[in-house]
Amino acid sequence: MAAYHNSGLWKLSGVPMMILPAQHGRGPAYALVGSLNGVHVFGESHGVTLCSTRTQNATITWKTYQDSVRLVLIRGSECVGDSSDGILLDLVFSSLVLLLGLDTLTTATNIERLKRDIRPSFPLLDELLARAIGCDDHPGFSHLTGCAECLVAPEHNGLQVDVEKFAEGGDSTYSCLMLGGAVVCGTKNFWSLSNTELVLLTLLVNTNIATTARDLPIYLPNKSPNVPFRMLVVRLTGHVSVVTLCGPTPTLAEMIRAATSFWAPSYQTLEALTTLLPWNITPNILSQLDHSVIGLLLVNYDVKRSVSCVHLSEDNHRSRSIGVTKKMSALRSAYRTLLGPLMQPPAMPPEDVPVLQFHHNHIPLETYVSTELYKIYLIQSSPYQLLVLFPAALPVHIARQVSHRTLSLFTKGKVPKL
């Protein structure tokens, strides 16, 4: 797959503020960047809004926000553009709002200062671009699904009560426990945040996991784009952190002391969460998965959560012919080309991208993809969407039966629900 580039952030005066290549490669030439902006401006002057185009060597997507900022995405022509390109640009713009605030981004008059202010957002933008091109060390699906990546933990109910109490003690209603880049549990108000906010907050936490504590001002792109919150992140164990959104108080030092005291009795429980990695699901569910399943992605759009598992072959001696990277790429490709535009609109559909419409009696509920390397069976059972990855040799009718059993395993009975 060719590299993606966020090849420009402009004020509508035509001043380029940022050129960010993917994977730290070389960005497009300055003259090309100016020409791409000029093409869009030329179209607007003639009453035409240019959304995207394809050349012999690249796919290009334009999008303007708040009548003041324009983003252009360039990627190699090896990949056919789709609605996920528009979603990616939406996330890029929201990332800038998250760290700068909407007013600062759209009304600044000192362009050079704004260029400097944008730089702290580069790690988050790099994470989005790396996921978009499928980098091996940037796993995950939240940039496509619009739902926070989660773990299904056996101690979920007890931890849920604890995180609610901890947030209340910190004079906040927005808090969650995270293991790496995945949410273990969160307060009710945390899950009331928009899809975009949930995706970006979890990615932002994951862009700097080396520090033991952080106090970072952020703007919620949908809830509070101009009045900042403070995002306090305190590491509780080697891999588990508690994230809290709050106002002027408490201080970071006070939060560290409070977190240390509150979570100390639960240290063994928190440390045991690492045994869920890299599968992201409880041992009980893992042991019940059919051995033909070599990967899966489950999304619950009602609660804005998803869980993925692509390391099954390493644990249960399933098919070893497909590596983790290829499994991730296969599931991403199936979601991007089928689930997003065909079966149900994604959680963050770009406004200017048409979605296929079907008569209410002919809404697609199941489909599959078959290649030389794998099969993927897809099920739409509102509010769930499930993608299950199988070896290529497995017959389709068997894949269908196993996929339905897999969905029931996650959604029926007394198992922790997603």
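In what follows, the structure referred to is the one given above.
A short tour of the structure in this document, coming up. Note that the structure is a prediction, hence the values are computed from the model and not measured.

**What about the overall build of the chain?**
Item 1. A count of helices and strands for the chain gives 14 helices and 16 strands.
Item 2. Looking at the chain as a whole, 55% of its 418 residues qualify as buried.
Item 3. Put simply, of all contacts in the chain between residues at least 6 apart along the chain, 60% involve residues at least 24 apart.
Item 4. When the accessible surface of the chain is summed, it comes to about 18,300 Å², and 54% of that surface belongs to carbon and sulfur atoms.

**Details of the packing of helix H7 (residues 156-169) against helix H9 (residues 252-263)**
Item 1. Between H7 and H9, whose axes approach to 11 Å, the crossing angle comes to 150 degrees. Between H7 and H9 lies a crossing whose hand is right-handed. Counted together, Leu159, Asp162, Val163, Lys165 and Phe166 of H7 and Met255, Ala258, Ala259, Phe262 and Trp263 of H9 form the full contact between these two elements.
Item 2. Considered class by class, the residues forming the contact of H7 with H9 number eight nonpolar, no polar and two charged.

**Here's the deal with the pairing of strand S4 (residues 58-65)**
Item 1. Among the eight residues of S4, seven are classified as buried, and the element is accordingly described as predominantly covered.
Item 2. In the sheet, strand S3 (residues 52-54) pairs with S4 via three bridges, with the strands oriented antiparallel. From the neighbouring strand, serine 52 faces S4, where its bridge partner is threonine 61.
Item 3. Connecting the antiparallel pair S3 and S4 is a turn made up of three residues.
Item 4. As paired elements, S4 and strand S5 (residues 69-76) share eight bridges and run antiparallel to each other. Note on S5: the bridge partner recorded for tyrosine 65 is valine 69.
Item 5. Counted between consecutive antiparallel strands, the loop separating S4 from S5 contains three residues, among which glutamine 66 sits at a positive phi close to 55 degrees.

**Remarks on H9**
Item 1. Counted at 1.5 Å a residue, the expected span for H9 with its twelve residues is 16 Å, and the 16 Å between its end C-alpha atoms agrees.
Item 2. Looking at H9, one finds that the buried residues are Met255, Ala259 and Trp263. Projected down its long axis, H9 carries its buried residues within an arc of 35 degrees, all on one side. Away from its buried face by more than 90 degrees, H9 exposes Arg257, Thr260 and Ser261.
Item 3. Looking at the buried side of H9, the elements it contacts are H7, strand S7 (174-179), strand S10 (224-235), strand S11 (240-246) and helix H10 (267-272).

**Focus: the sheet that holds strand S14 (residues 366-370)**
Item 1. A sheet is described by the order of its strands in space; here six strands give the open sequence S6-S13-S12-S16-S15-S14, paired in mixed fashion. For this open sheet the edge positions go to strand S6 (148-149) and S14, each flanked by a neighbour on one side alone.

**Considering helix H4 (residues 111-118)**
Item 1. Within the span of H4, buried status applies to Ile111, Leu114 and Ile118. Buried residues in H4, looked at end-on, bunch into an arc of 55 degrees, giving them a common side.
Item 2. Regarding H4, its N-cap is asparagine 110, as a side-chain oxygen of that residue lies 3.3 Å from the backbone nitrogen of glutamate 112 further along.

**Side note on the state of the cysteines**
Item 1. Scanning the entire structure with this criterion turns up zero disulfides.
Item 2. Cysteine cysteine 150 remains unbridged, with the sulfur of cysteine 147 as its closest cysteine sulfur at 8.6 Å.
Item 3. Judged by its relative accessible area of 6%, cysteine 150 is buried.
Item 4. Not part of a disulfide, cysteine 185 finds its nearest cysteine sulfur in cysteine 176, a span of 8.0 Å.
Item 5. Taking the relative accessible area as the measure of exposure, cysteine 185 reaches 1% and is therefore buried.

**A word on unusual backbone geometry**
Item 1. The omega angle of the peptide bond from threonine 249 to proline 250 is 0 degrees, so this bond is cis rather than trans.
Item 2. Relative to the helices and strands, proline 250 resides in the loop between S11 and H9.
Item 3. Between leucine 277 and the following residue, proline 278, the backbone shows a cis peptide bond with an omega angle of 0 degrees.
Item 4. Tracing the backbone through its elements, the reader meets proline 278 in the loop between H10 and helix H11 (283-288).
Item 5. The phi dihedral of aspartate 171 falls on the positive side, at around 55 degrees, and the residue is not glycine.
Item 6. Topologically, aspartate 171 is positioned in the loop between H7 and S7.
Item 7. Overall, aspartate 171 belongs to the exposed group, its relative accessible area being 62%.
Item 8. Positioned with a positive phi, asparagine 280 is a non-glycine residue whose angle comes to about 75 degrees.

**A look at the pairing of strand S9 (residues 213-220)**
Item 1. Sheet topology places S9 next to S10; seven bridges connect them, and they run antiparallel. Across the sheet, arginine 214 pairs through a bridge with valine 233, a residue of S10.
Item 2. As consecutive antiparallel partners, S9 and S10 are separated by three residues.

About the cut-offs
Residues numbered from 1 in each chain as written. Predicted model: local features only at pLDDT ≥ 70, side-chain atom pairs only at ≥ 80, totals over all residues. Heavy atoms only, no water. Helix = DSSP H or I, 4+ residues; strand = E, 2+ residues; numbered from the N terminus. Buried < 20%, exposed > 50% of the residue type's maximum accessible area, 1.4 Å probe, protein only. Contact = heavy atoms within 4.5 Å. Areas by Shrake-Rupley, 256 points an atom, 1.4 Å probe, with all protein chains shown as cover. Axes fitted to C-alpha atoms, helices over the stretch in contact; angles between N-to-C directions. Left-handed = near helix turned anticlockwise from the far one by under 90°. Nonpolar A, V, L, I, M, F, W, Y, C, P; charged D, E, K, R; others polar. Pairing = 2+ DSSP bridges. Expected span 1.5 Å × (residues − 1). Arc of directions from axis to C-beta. Polar contact = N/O pair within 3.5 Å; in protein donor to acceptor, adjacent residues only side chain to side chain. Disulfide = S-S within 2.5 Å.

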